[in-house]
Amino acid sequence: ILPKPRRVTGRPQVVVSASFNRHLREMQRAVEEFFDVGASVLSPISPTAYREVDGFLLLDGDRPYTNLSVRSVQGRHLRCIGDADFLWVVCPDGYVGNSVAMEVGAAVASGVPIYAQHAPRPLMIAAYVTVVPSVTMAVLNHTTQEIF
């Protein structure tokens, strides 16, 4: 059973969460798929690795900001989750790190539905995630369809 959307639009807004150090390519593919099926990705913008700060991977979309601390970058991502129609978690091997766990918690606290193609570990995180076969299914659950 798919979660009930908070709102239904012609172009759903999504945030993609992943362990960038571990699943960067898979996250990049997910972002591309969302664009291909008509969703708007609020974060990450331009998901190409830029540099690392204390083990935290910064992306090209972070370059325009003057404050590139872990807190400021993560804070922008968390604010985007609050504005999103849903959160997509990339975890092909089930792994979610601390950042993804915090992002799932932010989505839960904000009432933002959470989807993934693979079940995350641990069970505490998986309990809040709806596993679907593709990004398309998540997008369709949040898209208005006009019949001509």
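The structure this text deals with has already been given above.
A. A look at helix H3 (residues 98-110). In this model, H3 (13 residues) spans 18 Å end to end at C-alpha, consistent with the 18 Å of a helix rising 1.5 Å per residue. Three or more residues of H3 are buried, namely Val100, Glu103, Val104, Ala106 and Ala107. The arc that holds every buried residue of H3, seen down its axis, measures 160 degrees, which confines them to one face. Away from its buried face, by an angle of more than 90 degrees, H3 presents the exposed residues Asn98 and Ala109.

B. Broad picture of the pattern of salt bridges. Scanning all chains against the criterion turns up one salt bridge. Notably, a salt bridge pairs Arg22 with Asp93, separated by 2.9 Å at the nearest N-O pair. In this pair, Arg22 sits in helix H1 (residues 20-36) while Asp93 sits in the loop between strand S5 (86-90) and H3, placing the two residues 71 residues apart along the sequence. Residue class for Asp93 comes out partly exposed when judged on its relative accessible area of 32%.

C. View of helix H2 (residues 70-83). For H2, which comprises 14 residues, the first-to-last C-alpha distance of 20 Å matches the rise-based estimate of 20 Å (1.5 Å per residue) to within 8%. For H2, the full list of buried residues reads Ser72, Val73, Gln74, Gly75, Arg76, His77, Cys80 and Ile81.

Parameters and conventions
- Residues numbered from 1 in each chain as written.
- Predicted model: local features only at pLDDT ≥ 70, side-chain atom pairs only at ≥ 80, totals over all residues.
- Heavy atoms only, no water.
- Helix = DSSP H or I, 4+ residues; strand = E, 2+ residues; numbered from the N terminus.
- Expected span 1.5 Å × (residues − 1).
- Buried < 20%, exposed > 50% of the residue type's maximum accessible area, 1.4 Å probe, protein only.
- Arc of directions from axis to C-beta.
- Salt bridge = Lys/Arg side-chain N within 4 Å of Asp/Glu carboxyl O.

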